[in-house]
Amino acid sequence: QVQLVESGGGLVQTGGSLRLSCAASGRAFVGYAMAWFRQAPGKEREFVAGISWNGRITSYAGSVKGRFTISRSVANNTAYLQMDRVKPEDTAVYYCAARSGTISERSVMYDYWGQGTQITVSS
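The shown structure was predicted, so the numbers you read here are calculated from the model rather than taken from an experiment.

Definitions and cut-offs
Residues numbered from 1 in each chain as written. Predicted model: local features only at pLDDT ≥ 70, side-chain atom pairs only at ≥ 80, totals over all residues. Heavy atoms only, no water. Disulfide = S-S within 2.5 Å. Helix = DSSP H or I, 4+ residues; strand = E, 2+ residues; numbered from the N terminus. Buried < 20%, exposed > 50% of the residue type's maximum accessible area, 1.4 Å probe, protein only. Contact = heavy atoms within 4.5 Å. Pairing = 2+ DSSP bridges. Axes fitted to C-alpha atoms, helices over the stretch in contact; angles between N-to-C directions.

## Details of the state of the cysteines
Per the stated rule, a full pass over the model turns up one disulfide. With a sulfur-sulfur separation of 2.0 Å, cysteine 22 is cross-linked through a disulfide to cysteine 96. The sign of the -75 degrees torsion about the S-S bond sets the cysteine 22-cysteine 96 disulfide as left-handed. Here cysteine 96 lies in strand E9 (residues 92-100) and cysteine 22 lies in strand E3 (residues 18-25), a separation of 74 residues in the sequence. Accessibility classification places cysteine 22 together with cysteine 96 in one group, the buried group.

Structure representation (structure tokens):
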């Protein structure tokens, strides 16, 4: 059974940093792109960042570019999201996702999802 488990969420002050992890199990994710999405209350789920299976290609939403960094360890089947200079508008539930093939900004294109982790940025 494939599982994606996020960790590292919590409360952080504006301007602070946080690092999310997504541990994948149940299969090897070679050939799978991984991504982070987020969903704030009353809003649709949105793409945050994505990374190719080998880590060579990354993609970011405009709202986080320059502040967030996505990375992954193929050997450990783990993806990371380093969040720096966070803002109150970054408050949301953050989800990890994986799909066979290239990065997509569309959530419907992803095969596997984690349960989500709450990030709250206080002003």
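Structure's up, so let's keep going.
## Some remarks on the side chain of serine 73
If you trace the backbone, serine 73 turns up in strand E7 (residues 68-73). In contact with serine 73, not counting residues within four places along its chain, are Thr78 and Tyr80.

## Observations regarding the pairing of E3
In terms of strand pairing, strand E1 (residues 3-7) meets E3 through five bridges, oriented antiparallel. Across the sheet, residue glutamate 6 finds its bridge partner in E3, namely cysteine 22. As paired elements, E3 and strand E8 (residues 78-83) share six bridges and run antiparallel to each other. Within E8, the residue paired with leucine 18 across the bridge is methionine 83.

## Description of the sheet that holds E8
Read from one edge to the other, the open sheet built from four strands follows the order E1-E3-E8-E7, with strand pairing classed as antiparallel. The open sheet has two edge strands, E1 and E7, and neither has a second partner. Mean inter-strand twist for the sheet, computed between neighbouring axes without regard to direction, equals 15 degrees.

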